[in-house]
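These are the residues of each chain, in order.
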Amino acid sequence: MSDDPVIVYVEDDPFSRRVMELLLVRKLGFTRVQIFEDSANFMQRLELLPEKPTLFLLDIHLEPDDGFK
């Protein structure tokens, strides 16, 4: 098992998702990064992950649930 944090990134903009993926995986070397394209069924999707996330990075303006909630 890796010492890397389990990172969940939720972002609806494809360009922003790609930039963060490049930053987190290729530049910083994190190996356990999960990227969601939206916040639909967010809690259910989290429960399906094999490991509990260490860090959440959430877009503020998402549908159906935004980062303010």
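To be clear, the structure that these remarks concern was listed above.
The text that follows walks through the structure, step by step, so that each part is easy to find. (Residues numbered from 1 in each chain as written. Predicted model: local features only at pLDDT ≥ 70, side-chain atom pairs only at ≥ 80, totals over all residues. Heavy atoms only, no water.)

Considerations on the side chain of arginine 32
Topologically, arginine 32 is positioned in the loop between helix H1 (14-27) and strand E2 (33-36). Assessed through its relative accessible area of 18%, arginine 32 is described here as buried. A polar contact of 2.5 Å, which involves the side chain of arginine 32, links it to the side chain of glutamate 51. (Helix = DSSP H or I, 4+ residues; strand = E, 2+ residues; numbered from the N terminus. Buried < 20%, exposed > 50% of the residue type's maximum accessible area, 1.4 Å probe, protein only. Polar contact = N/O pair within 3.5 Å; in protein donor to acceptor, adjacent residues only side chain to side chain.)

Side note on the environment of aspartate 59
Take aspartate 59: it is sitting in the segment after strand E3 (55-58). The class of aspartate 59 is buried, set by a relative accessible area of 15%. Spatially, the C-alpha atom of aspartate 59 lies 20 Å from that of leucine 28, the residues being 31 residues apart in sequence. A polar contact of 3.2 Å, which involves the side chain of aspartate 59, links it to the backbone nitrogen of histidine 61.

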